[in-house]
Amino acid sequence: MLKNIPPILGPDLLGILRAMGHGDEIAIVDANYPADSAGPVLVRLDGISATDVLDAVLTLMPLDDFVDEPVLTMQTVGDAGKREPVVDAFDTIVRKHEPKMGVSSLERFAFYDRVKTAYAIVQTGERRLYGNILLKKGIIRPDA
């Protein structure tokens, strides 16, 4: 065990988060997501919600403030303007860690395509529909 690191972040995921560079993306996806066939390195966190994983990851990882949309979710099929409750929960967590940022969305197949180019995927046990989020890693600025 280590101090100040959320215990749900195991050694594989910690290594991935540390190895990622500025602009790399990581997807946190629900239990229904086709993660095994998507391509990037896959870490499984079965039984843990996507919101808990998001909160843990953002405890350690900065988001990219050089881009307009560093956080993306999947749009509801058939109603792109509808916002699922899990997305509201994601937005609350993002704003807790990065108060000036919020959540944007992509059409379902555009989201799938974007995840295929991600650095890694974390598949959770999330059962709420549309519990998928993509994060772009930012930088940690030197102390002034």
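That block above? That's the structure.
Presented here is an overview of the structure given in this document. As the structure is a prediction and not an experimental result, all values here were calculated from the model. (Residues numbered from 1 in each chain as written. Predicted model: local features only at pLDDT ≥ 70, side-chain atom pairs only at ≥ 80, totals over all residues. Heavy atoms only, no water.)

Here the focus is the pairing of strand 1 (residues 25-29). In terms of residue burial, strand 1 counts as a mostly covered element, since 5 of its 5 residues are buried. Residues E25, A27 and V29 line one face of strand 1 and the alternating positions I26 and I28 line the opposite face, and both faces are buried. In the sheet, strand 1 pairs with strand 6 (residues 133-136) via 4 bridges, with the strands oriented antiparallel. Among the inter-strand pairings, A27 is bridged to a residue of strand 6, identified as L134. Bridging between strand 1 and strand 5 (residues 120-124) involves 4 bridges; their strand directions are parallel. Within strand 5, the residue paired with I26 across the bridge is A120. (Buried < 20%, exposed > 50% of the residue type's maximum accessible area, 1.4 Å probe, protein only. Helix = DSSP H or I, 4+ residues; strand = E, 2+ residues; numbered from the N terminus. Pairing = 2+ DSSP bridges.)

Within the open sheet, the 6 strands sit side by side as 2-5-1-6-3-4. Their pairing is mixed. The open sheet terminates on both sides in strands that have one partner only, identified here as strand 2 (41-45) and strand 4 (104-106). Within the sheet, the average angular offset between the axes of one strand and its neighbour, ignoring direction, is 25°. Along the sheet face, helix 1 (residues 11-19) touches strand 1, strand 2 and strand 5 and points at about 135° away from the line of strand 2. (Axes fitted to C-alpha atoms, helices over the stretch in contact; angles between N-to-C directions. Contact = heavy atoms within 4.5 Å.)

What follows deals with the packing of aromatic side chains. Throughout the structure, instances matching the rule amount to 3 aromatic pairs. Ring geometry for F109 and Y112: centres 5.7 Å apart, planes at 70°, overall edge-to-face. Taken together, the residues span about one helical turn, with F109 and Y112 both in helix 4 (residues 108-116) at a distance of 3 residues. Classification of Y112 by relative accessible area gives buried; the value is 18%. Grouping aromatic residues by their ring pairs yields a cluster made of Y33, F109, F111 and Y112. (Phe/Tyr/Trp six-rings, centres within 6.5 Å; stacked < 30°, edge-to-face > 60°.)

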